[in-house]
Amino acid sequence: MVKEVVSSGRIAVNLGGDHSVAVGTVDGHSRGTDKRVSLLWVDAHADLNTSSSSPSGNAHGMPVSLLVKELEEDWPDTPAMEWQRPRLLINNVGFIGLRDLDPYEREVLKRFNVAAYGMEEVDRYGIVEVTKMALNRINPDGVNALHLSFDVDSLDIHEAPCTGTPVRGGLSLREAMQVMEIVRDTGTLSALDVVEINPLLGNDRQAETTVRAAVHVIKTLFGRCRFDSAPS
Ligand SMILES: NC(=[NH2+])NCCC[C@H](N)C(=O)O
Ligand SMILES: [Mn+2]
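Before going into details, it helps to say that this report is about the structure given with it. (Residues numbered from 1 in each chain as written. Chains lettered and ligands numbered in written order. Predicted model: local features only at pLDDT ≥ 70, side-chain atom pairs only at ≥ 80, totals over all residues. Heavy atoms only, no water.)

1. Structural notes on the site of ligand 1
Where we set the bar: We call a residue near a molecule or strand as soon as one heavy atom of that residue lies within 4 Å of the molecule or strand. The definition of a polar contact used here is a pair of N or O atoms within 3.5 Å, where within protein one atom must be able to donate a hydrogen and the other to accept one, and adjacent residues in sequence count solely through side-chain atom pairs.
Close to ligand 1 lie 13 residues, the nearest being D47, N49, S56, D102 and T165. Between ligand 1 and the protein, one listed contact pairs an oxygen atom with a side-chain N or O atom of N49 at 3.0 Å. One nitrogen or oxygen atom from the side chain of D153 is found 3.1 Å from a nitrogen atom belonging to ligand 1.

2. So, helix 7 (residues 173–186)
Stated formally: By definition, any uninterrupted DSSP run of H or I lasting at least four residues is a helix, any uninterrupted run of E lasting at least two residues is a strand, and each is numbered from the N terminus. Multiplying 1.5 Å by the helix residue count minus one yields the expected span of that helix. Between buried and exposed lies partly exposed: a residue is buried under 20% and exposed over 50% of the maximum accessible area for its type, with that area taken using a 1.4 Å probe on protein chains only. Here a residue-residue contact requires only that any non-hydrogen atoms of the pair lie within 4.5 Å.
The terminal C-alpha atoms of helix 7 lie 20 Å apart, and with 14 residues this matches the ideal 20 Å at 1.5 Å per residue to within 8%. Inspection of helix 7 places L173, E175, A176, M177, V179, M180, E181, I182 and V183 among the buried residues, and these make up the whole buried set. Contacts from the buried residues of helix 7 go to strand 2 (37–42), helix 5 (119–125), helix 6 (127–138), strand 5 (145–151), strand 6 (189–195) and helix 8 (204–221). Residue G187 follows helix 7 closely and has a positive phi angle near 70 degrees.

3. Considerations on helix 6
Since the α-helix turns once every 3.6 residues, residues separated by three or four places project in the same direction. Condition: By definition, the arc is the one covered by directions from the helix axis to the C-beta atoms.
The end-to-end C-alpha separation of helix 6 is 16 Å, in line with the 16 Å expected for 12 residues at 1.5 Å each. For helix 6, the complete set of buried residues consists of I127, V130, T131, A134, L135 and I138. Around the axis of helix 6, the buried residues are gathered within 125 degrees of arc, so they sit on the same side. Looking at the packing, one finds that the buried side of helix 6 touches strand 2, strand 3 (93–98), strand 4 (115–118), helix 5, strand 5 and helix 7.

4. Some points on the nonpolar core
Put simply, the rule is: Think of a nonpolar core as a cluster: buried Ala, Val, Leu, Ile, Met, Phe, Trp, Tyr and Cys residues, connected wherever their side-chain atoms sit within 4.5 Å.
L40, V42, L148, F150 and V183 are the most contacted members of the largest nonpolar core, which has 33 residues in total. When residues of this core are traced back to their parent elements, those giving at least two are strand 2, strand 4, helix 5, helix 6, strand 5, helix 7, strand 6 and helix 8. No other element matches the seven residues that helix 7 contributes to this core. Dropping the residues within four chain positions of it, F150 is found in contact with V42, L155, A176, M180, D193, V194, V195 and V217. The next biggest cluster of nonpolar side chains, apart from the first, holds 21 residues, and it includes V37, L48, L88 and L101.

These results come straight from atomic positions and should not be treated as a statement about function.
Listed below in structure tokens is the structure:
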């Protein structure tokens, strides 16, 4: 599906589901375009575990490591995954919002000098600077197709309470909207995932808060301006 949408020149929007859906969406994206794909992963977690490094065994903590060529050797045999081969370069992958990493993930980020920006960098440099630095590093000439994979757990738990692995101290909705404004203005966006919304993990009000936050993020990415439109 993503392959067809992207190859017809449209932007693919994928609503998850847990973050392991991104293995399929990013794979389809890269097969639907002649361009190289840069991946911006906005998340509290790096989702870089392999099945052997993962402390939890949860697949939603592993998609990025399945997608990058550099980690192919780190994976034990994956019998169910023959359909997918890694197609991305790890230096075309950037992270924003990190604040909960496992030891293997930390080691990989260091080993390849990945464009990884945690909440400390967001606090130190500000979200605008961090977003620009990340985009410059993963898509320096602006010629690659951008895949934005947005995990709602990148947001602070007050903004997005209904998610499976929340981590306190995350992005404000305003910071996330600034990321979207900057990405939008690059004109490079080719596919979007919005994932890890689980309305069952909370009361109605919390579900509504979470869904509305996601809607704000999506609308901003597709052109809604904060100055001249009423909030929704
Ligand atoms: N997409 C997510 N919410 N990922 C959470 C991953 C948490 C932890 N790093 C793990 O591997 O289990
Ligand atoms: Mn994630």
